[in-house]
Amino acid sequence: MPELPEVETVRSGLAGLITGRTILAVRVLHPRPVRRHVPGPSDFESVLLGRTFHEPRRRGKFLWLPLDDGDAIVAHLGMSGQFRSDSPETPLQANTRVVWDLDDGRQLRFVDQRMFGGVWLSPGGADLPAEVTHIALDPFDAGFDPVAVAHGIVRRHAGIKRLILDQTIVSGIGNIYADESLWRARLHYDTPSSDLTVRKVAGLLRQAREVMADSLSSGGTSFDKLYVDVNGESGYHERSLDVYGRAGLPCRRCGHLIVREAFANRSSYRCPFCQRRPGTIVRP
DNA sequence: CTGTGGTCCTGTATGC
DNA sequence: TGCATACAGGACCACA
């Protein structure tokens, strides 16, 4: 479940491991994770040889690894993707999909159980890959303007959670941080965006930035071995989540029991008191 | 253009 | 015990 804080943790970890390193060999162990590399798996193995990494970059949940000639390797972790740095003597982890041999004698490995993620070459993509241009700025970007984004959101007509999950409106937010942000802003996930004020939506976006910053400071959220950093270490932020995954447990604000509801093919968690369904009348 | 729902994947947990 | 089903969900795409 890598969202922005987890992807940023991976990016900064990669920065110290691959920046300035040259690729000596590439092995693709499963074709699916390179499905977006149109020339195919064997081309991916040959076309990268001899190129050198610059510092990895990120927008929302997309990563890219600029190369010294102006191209870039684009990477998305999907649901379960991991980058690992290992000695070549270390046996390959289960579900290892792509391996790069680097000129410092280490291996970079892309491991992905469910294979929703992938890696591919983006010609000329060092500055901003074409495959990432449709992704909106994330709340950590210096150019991110919560009020401007909020104006766009209140002009739309969908449930607020759907819109903050839309990576072309604001990027980096996934199911966990959407629920956490909505809890902090005391909003029901299905509140029609057109019923909200710009001020309220801008506040929600600032909450999203805060909750993701809190998570980033502790290395990202993880529940299991599906998200780990480049050294295989889990983050510990799950202890401080307020609603996500807490069905049946008391709301930390008011004590009402958190509920889990199906929404848009996924789960949503909310406090039935702090985050009432829009239009619900509550008598004192 | 906007909104909605289905699909891809595999490992783990749960139910009968 | 064993098999079947549900579930996890980010990005993309088809369709109304």
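Treat the numbers as computed from the prediction; the structure is a model and nothing was measured.

Student: So what exactly am I meant to see when it comes to the protein's contact with DNA strand B here?
Tutor: If you check the shell around DNA strand B, you find R32, N95, Q113, R114, M115, F116, R156, H157, A158, R162 and N265 and nothing else. Counting only the atoms of DNA strand B within 4 Å of the protein, the fraction contributed by sugar and phosphate is 62%.

Student: Even after reading the chapter, I still don't get the sheet that holds strand β1 (residues 23–28), so can you show me in this structure?
Tutor: The strands making up a sheet associate through backbone hydrogen bonding, with each pair oriented either parallel or antiparallel. Spatial ordering of the open sheet is given by β1-β6-β7-β5, a layout of four strands whose pairing is antiparallel. Bordering the open sheet on either side are β1 and β5 (81–86), each of which pairs with just one other strand. Neighbour to neighbour, the strand axes of the sheet diverge by 15 degrees on average, direction disregarded. Relative to strand β6 (residues 96–102), β1 is paired through five bridges, and the arrangement is antiparallel. Paired with A25 across the bridge in β6 is D101.

Student: Can you help me understand the protein's contact with DNA strand C in this one?
Tutor: In the neighbourhood of DNA strand C, 16 residues make up the surrounding shell, with H76, F116, Y244, R260 and S267 lying closest. When the atoms of DNA strand C within 4 Å of the protein are grouped by moiety, sugar and phosphate amount to 63% of the total. At a separation of 2.7 Å, a phosphate oxygen of DNA strand C approaches a polar side-chain atom of R260. In this structure, a phosphate oxygen belonging to DNA strand C sits 2.7 Å away from a side-chain N or O atom of S267. Across the surface near DNA strand C, the residue classes break down as four nonpolar, seven polar and five charged.

Student: What's the story with the domain arrangement of chain A in this structure? I'm lost.
Tutor: As assigned here, chain A comprises domain 1 (4–132) and domain 2 (146–270). Inter-centroid distance (C-alpha atoms) of domain 1 to domain 2 is 28 Å.

Student: Would you explain the side chain of T52 in this entry?
Tutor: Considering the arrangement of structural elements, one finds T52 in the loop between α2 (41–47) and β2 (57–59). With a relative accessible area of 16%, T52 lands in the buried category. Of note is the side chain of T52, whose polar atom sits 2.6 Å from the side chain of T22. Once residues lying within four places of it in the same chain are set aside, the contact partners of T52 are G20, R21, T22, P66, L67 and D68.

Student: Explain helix α6 (residues 198–216) here, please?
Tutor: An α-helical segment advances 3.6 residues per turn. Residues three or four places apart therefore align on the same side. Here α6 is 19 residues long and its end C-alpha atoms lie 27 Å apart, about the 27 Å a rise of 1.5 Å per residue gives. Those residues of α6 that sit buried are V201, A202, L204, L205, A208, V211, M212 and S215. For α6, the elements touching its buried residues are α1 (4–18), α3 (146–154), α4 (160–165) and α5 (175–184).

Student: Is there a simple way to explain the state of the cysteines in this structure?
Tutor: Structurally, a disulfide amounts to a covalent bond that connects the sulfur atoms of two cysteines. Under the defined criterion, the tally for this structure stands at zero disulfides. Not engaged in a disulfide, the cysteine C254 finds its nearest cysteine sulfur in C271; these two sulfurs lie 3.5 Å apart.

Student: For this particular structure, what's the right way to read the pairing of strand β8 (residues 118–122)?
Tutor: Within a regular beta strand, the side chains point alternately toward one face of the sheet and then the other, so they alternate between its two faces. Counted residue by residue, β8 has five buried out of five residues, so it is predominantly covered. Residues G118, W120 and S122 point to one face of β8 and V119 and L121 to the other, with burial holding for every one of them. The pairing of strand β4 (residues 72–76) with β8 spans five bridges and is classified as antiparallel. When the sheet's bridge partners are listed, A75 is paired in β8 with V119.

So, how was this worked out
Residues numbered from 1 in each chain as written. Chains lettered and ligands numbered in written order. Predicted model: local features only at pLDDT ≥ 70, side-chain atom pairs only at ≥ 80, totals over all residues. Heavy atoms only, no water. Near = heavy atom within 4 Å. Pairing = 2+ DSSP bridges. Helix = DSSP H or I, 4+ residues; strand = E, 2+ residues; numbered from the N terminus. Axes fitted to C-alpha atoms, helices over the stretch in contact; angles between N-to-C directions. Polar contact = N/O pair within 3.5 Å; in protein donor to acceptor, adjacent residues only side chain to side chain. Nonpolar A, V, L, I, M, F, W, Y, C, P; charged D, E, K, R; others polar. Domains from an automatic or database assignment. Buried < 20%, exposed > 50% of the residue type's maximum accessible area, 1.4 Å probe, protein only. Contact = heavy atoms within 4.5 Å. Expected span 1.5 Å × (residues − 1). Disulfide = S-S within 2.5 Å.

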